[in-house]
Amino acid sequence: MKQQLVRWGMSPLPRWIGRRLAGSFLPIFMLHRCTDDSGRPDPRQIQAFRDCLSYFRQQGYQAISLQQLFESMDAGEPLPERTAVFTVDDGFHDQAEILGPLFAGFDIPLTYFVITDFLEGKLLSWDDHLLYVLEHTNLESIPVTLPNGQDFVIDLSPPKPHRPVREALKSADQNRIYDWLDHLYDAARVERPEDIPDTYRPMNWQQARALIEQGHAIAPHTRSHRILSQLSDEEARQEILGSWEDLQRKLPGCSPVFAYPTGRNTDFTPRDRKIVEDSPLLGAVSTEPNPVQPGDDRYALPRFGMPTNLVDFMQYLDYIEVLKGKLRSLIN
Ligand SMILES: [Zn+2]
């Protein structure tokens, strides 16, 4: 039913009317990994992306980098029509090896947000440690004491068991989250790996440079992926400005745009937004799922998760999701 509606909505006349009603908008898409649980490339997901990108090209949409979007805003231009921005978060090896060439093959630039200490091999993001622990434990439930002293039981029976504990950890003190991981490994009776496990391997700096040569952009996404809203002022500054400095040292030609870790409105504060605004960074993105519209805050532009089926992609790419949002705000 939904599929037929969306396809009908994208036929010429409804689309013509819909676009006029929707006004100006631009979707920013966010991709993550394209591997399965065992770390191997996931052919179904990759094919789904290829189908979406083929449609994108056949229908004559344009893709620009996030930096280009901010530059066009600076020039006072309206949001470009029938245009989208594609971004990829964190900096895993598969994102360079699979997504880089896939998007370059369609002449679509990706903006990669990389965790700089991850690319340096100094750490694996705390939320990926959590995934690793839950994949490797033999326990059915793990009792832990969260960094704020609260007792919490991780139940491994539901399909995405990391979600409740990740949410709890996002609102706990994040200054010492990496030390706290020792407690998590102990409680789960999993040995903490000395090096980053192969399935979680980052891209290396050489791959990052090659991506820039392919036409993609690399931008900062903090040093350690800790939740900015739960950090001290100094730590938050180090995360944002430090990752930008690291990147400039390592990658001449990197892109001055920023993405907040995990990116929901509660994951960063006006303080963090101000740190970005007062820096040479041109703007930033969140993960609030909306299209960009005129008047949006350029230091917290929304992004949609990249759909893994064509009909959802059509819906988010064009006017349909914009009109849905307008209708929702009329009703509320
Ligand atoms: Zn991230």
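Residues numbered from 1 in each chain as written. Predicted model: local features only at pLDDT ≥ 70, side-chain atom pairs only at ≥ 80, totals over all residues. Heavy atoms only, no water.

**Student:** Talk me through the overall build of the protein; I want residue IDs and the actual numbers.
**Tutor:** A tally of helices and strands in the protein yields 14 helices and ten strands. Structurally, the protein occupies a C-alpha span of about 60 × 45 × 40 Å along its principal axes. Split into buried and exposed, the 332 residues of the protein put 54% on the buried side. For the protein, the share of sequence-separated contacts (at least 6 apart) that also reach a separation of at least 24 residues comes to 72%. By element, 49% of the accessible surface of the protein is carried by carbon and sulfur atoms, the whole surface being about 15500 Å². If the 35 positive side-chain charges of the protein are averaged to one point and the 47 negative ones to another, these points end up 6 Å apart. (Helix = DSSP H or I, 4+ residues; strand = E, 2+ residues; numbered from the N terminus. Buried < 20%, exposed > 50% of the residue type's maximum accessible area, 1.4 Å probe, protein only. Contact = heavy atoms within 4.5 Å. Areas by Shrake-Rupley, 256 points an atom, 1.4 Å probe, with all protein chains shown as cover. Lys, Arg positive; Asp, Glu negative; His and termini not counted. Charge placed at Lys NZ, Arg CZ, Asp CG, Glu CD.)

**Student:** Can you lay out a nonpolar patch on the surface for me, pointing to particular residues and giving the numbers?
**Tutor:** Residues Leu13, Trp16, Ile17 and Leu21 make up a contiguous nonpolar surface patch of roughly 450 Å² in combined accessible area. Structurally, Leu21 can be placed in helix H2 (residues 12-22). (Patch = residues over 30% accessible without salt bridge, like charges linked within 9 Å, V, L, I, M, F, W, Y side chains within 5 Å. Salt bridge = Lys/Arg side-chain N within 4 Å of Asp/Glu carboxyl O.)

**Student:** If you had to explain the pairing of strand S7 (residues 217-220) to someone new, which residues and values would you point to?
**Tutor:** Burial along S7 is two-sided: Ala217 and Ala219 and Ile218 and Pro220, pointing in opposite directions, are all buried. As paired elements, strand S4 (residues 110-114) and S7 share four bridges and run parallel to each other. The residue of S7 that forms the bridge with Phe113 is Ala219. (Pairing = 2+ DSSP bridges.)

**Student:** Any details on the coordination of the zinc ion? Residues and values, ideally.
**Tutor:** Here the zinc ion is held by Asp90 (OD), His221 (NE2) and His225 (NE2), and the distances to it run 2.1 to 2.2 Å. Site description for the zinc ion: donor spacing in sequence, D-x130-H-x3-H. One end of the pair, Asp90, is in strand S3 (residues 83-90); the other, His225, is in the loop between S7 and helix H11 (233-250), with 135 residues separating them in the sequence. (Donors = N, O, S within 2.8 Å, 3.2 Å for Na, K, Ca; no water.)

**Student:** Give a detailed account of the side chain of Ser125, specifying residues and quantitative values.
**Tutor:** Looking at the element boundaries, Ser125 is found in the loop between helix H6 (116-119) and helix H7 (126-136). On the basis of relative accessible area, Ser125 is assigned to the buried category, the value being 2%. Those residues in contact with Ser125 that lie beyond four places of it in its chain are Ile115, Tyr178 and His225.

**Student:** How would you summarise the domain arrangement of the protein if you had to cite specific residues and measurements?
**Tutor:** One can read the domain layout of the protein as domain 1 (2-122 + 202-331) and domain 2 (126-188). Using only C-alpha atoms to locate each centre, domain 1 and domain 2 end up separated by 28 Å. On the domain 2 side, the residues contacting the twelve residues of domain 1 number twelve residues. Summed over both partners, the interface of domain 1 with domain 2 comes to about 960 Å²; 46% of that surface belongs to carbon and sulfur atoms. Interface area lost by domain 1 to domain 2 is led by Arg226, Ile227 and Gln230, which between them contribute 46%. (Domains from an automatic or database assignment. Buried area = accessible area lost by both parts, 1.4 Å probe.)

**Student:** Help me get a handle on H11, residues and values and all.
**Tutor:** Here H11 contains 18 residues, and its C-alpha end-to-end distance of 25 Å stays within 8% of the 26 Å for a straight helix at 1.5 Å per residue. At Gly242, H11 shows its largest kink, close to 30°. Among all positions of H11, only Ala236, Glu239, Ile240, Leu241, Gly242, Ser243, Trp244, Asp246 and Leu247 are buried. Buried positions along H11 lie against S4, H6, helix H10 (205-213), S7, strand S8 (258-259) and helix H12 (270-277). (Expected span 1.5 Å × (residues − 1). Bend = angle between axes of the 7 residues up to and from the residue.)

**Student:** Explain the packing of H7 against helix H8 (residues 162-170) residue by residue, including any values.
**Tutor:** Orientation of H7 relative to H8, taken along the N-to-C sense of each, is 150°, at an axis distance of 11 Å. Classified by the interaxial angle, the pair formed by H7 and H8 is roughly antiparallel. The hand of the H7/H8 crossing is right-handed. Counting all contacts with H7, which are made through Trp126, Asp127, Leu130, Leu131 and Leu134, the residues of H8 involved are His162, Val165, Arg166, Leu169 and Lys170. Taken together, the residues of the contact of H7 with H8 sort by class into six nonpolar, one polar and three charged. (Axes fitted to C-alpha atoms, helices over the stretch in contact; angles between N-to-C directions. Parallel < 35°, antiparallel > 145°, perpendicular 65-115°, else oblique. Left-handed = near helix turned anticlockwise from the far one by under 90°. Nonpolar A, V, L, I, M, F, W, Y, C, P; charged D, E, K, R; others polar.)

**Student:** So what about the packing of aromatic side chains? Which residues, and what values?
**Tutor:** All told, the structure shown has 15 aromatic pairs when counted by the stated rule. Centre to centre, the rings of Phe29 and Phe313 are 5.1 Å apart; their planes meet at 40°, and the pair counts as tilted. Linking Phe29 in strand S1 (residues 28-31) with Phe313 in helix H13 (residues 310-317), this pair joins segments that are 284 residues apart in sequence. The exposure class of Phe29 is buried, given its relative accessible area of 0%. (Phe/Tyr/Trp six-rings, centres within 6.5 Å; stacked < 30°, edge-to-face > 60°.)

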